[in-house]
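# Coordinate inspection notes
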Amino acid sequence: MKIIDNTYKKVVLILNVILLCALIAMDVVYIIYHGLTLKSVTSALFLLIGLINLSLAIFEKTDIKFPIIMAIGLLFAMLGDILLEIQFIVGAGLFALGHIFFFVSYISLERFSWKDLIYGAVIFVPSMLFIVLAPIFSFGGVLMEIVCVLYALIISLMVGKSIANFVRNHSILNLIIMIGSIMFFLSDLMLLLGNFASLPVVGIICLVLYYPAEFLLAFSIFIYACFNKTVKENEKIEK
């Protein structure tokens, strides 16, 4: 059975590498040519990676709470990414929902503490002040500004929780999640500047950060499945 487990794990890892290469290639193509179809295909790739890694977690018979919640977050992130091109507020809402699922998945790894809110506040307060006070932004109305502030609150809490988890537990899993979350936040900051501050060049930076960030979050499911298996094996050895 161990040989089968290792073989399946290697196959999933190889698929992750292949799909990562495809994701980077599609990201470059989308940057050059744009188009809703290209964006949809590129977004579907990181969701596919997450689902493949979820299958490993199921195969390894690990606790699949984190993998499932993370996969749902990836699904809403994919939908939000696509719908941003069609209706920005709807897309932002789906993205925010995805961030909420990411946040909940992080709580499944490390229980919630009120200290987590401090990390989130450290990110949110300057972000909110930047959105509200910076003269470079032109939101076209109070509603859009409120949407951006609420979105900043949700993603700040998500990033804050990822940092708090890593501070508590310096595991590879928490490191990957924290890096992916921070890259996600920076990508959204570039999106904000590109859409509402007339800085189109930052759109490239947004895409360069966004898809690798999604890959890291999807790949965290793979690391989780492998890590949980190792813990169980160690427990058997100790007994």
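In what follows, the accompanying structure is described. (Residues numbered from 1 in each chain as written. Predicted model: local features only at pLDDT ≥ 70, side-chain atom pairs only at ≥ 80, totals over all residues. Heavy atoms only, no water.)

## Looking at the pattern of salt bridges
Stated formally: Salt bridge, as used here: a side-chain nitrogen of Lys or Arg that lies within 4 Å of a carboxyl oxygen of Asp or Glu. Helix and strand assignments follow DSSP, with helices taken as H or I runs no shorter than four residues and strands as E runs no shorter than two, numbered in order from the N terminus. For each residue, the accessible area found with a 1.4 Å probe, counting protein chains only, is set against the maximum for its type, and the residue is called buried under 20%, exposed over 50%, and partly exposed in between.
Under the definition given, this model contains 4 salt bridges. For Glu 85, the salt bridge is made with Lys 39, and the minimal N-O distance between the two is 2.9 Å. Taken together, the positions of Glu 85 in the loop between helix H3 (65-83) and helix H4 (88-109) and Lys 39 in helix H2 (residues 36-59) put the pair 46 residues apart, joining distant regions of the chain. Residue classification places Lys 39 among the buried residues on the basis of a relative accessible area of 5%.

## With respect to the environment of Leu 54
The cut-off we apply is this: Any two residues whose heavy atoms approach within 4.5 Å are treated as being in contact.
Mapped onto the secondary structure, Leu 54 falls in helix H2. In this structure the C-alpha to C-alpha distance between Leu 54 and Met 70, which are 16 residues apart in sequence, comes to 9.1 Å. Among residues more than four places away in sequence, those in contact with Leu 54 are Pro 67, Ile 68, Ala 71 and Ile 221.

## Here's the deal with helix H5 (residues 114-133)
Rules: Expected helix span is taken as 1.5 Å per residue step, with the number of steps being one fewer than the number of residues.
A rise of 1.5 Å per residue sets the reference length of H5, with its 20 residues, at 28 Å; its end C-alpha atoms lie 28 Å apart and thus fit the reference within 8%. Among all positions in H5, only Asp 116, Gly 120, Ile 123, Phe 124, Ser 127 and Ile 131 are buried. Residues of H5 that are buried make contact with helix H6 (142-168) and helix H7 (172-196).

## Here's the deal with a nonpolar patch on the surface
We apply this condition: Each patch groups residues whose relative accessible area exceeds 30% and which form no salt bridge, using 9 Å between like charges and 5 Å between nonpolar side chains of Val, Leu, Ile, Met, Phe, Trp and Tyr. Here, Shrake-Rupley sampling with a 1.4 Å probe gives the accessible areas, and only protein chains in the shown set may cover a residue.
Taken together, the side chains of Val 11, Ile 14, Leu 15 and Ile 18 present a nonpolar region at the surface, about 330 Å² in accessible area. Structurally, the position occupied by Val 11 is in helix H1 (residues 2-33).

## Description of the nonpolar core
Inclusion rule: The definition of a nonpolar core used throughout is a set of buried Ala, Val, Leu, Ile, Met, Phe, Trp, Tyr and Cys residues joined through side-chain atoms within 4.5 Å.
Membership of the largest hydrophobic core comes to 68 residues, with the highest contact counts inside it found for Phe 46, Leu 74, Phe 102 and Phe 184. Listed by contribution, the elements that provide at least two residues to this core are H1, H2, H3, H4, H5, H6, H7 and helix H8 (202-238). At 18 residues, H8 tops the list of elements feeding residues into this core. Discounting residues that sit within four places of it in the chain, Phe 184 has contacts with Phe 95, His 99, Phe 102, Ile 155, Met 158, Tyr 210, Ala 213, Glu 214 and Leu 217.

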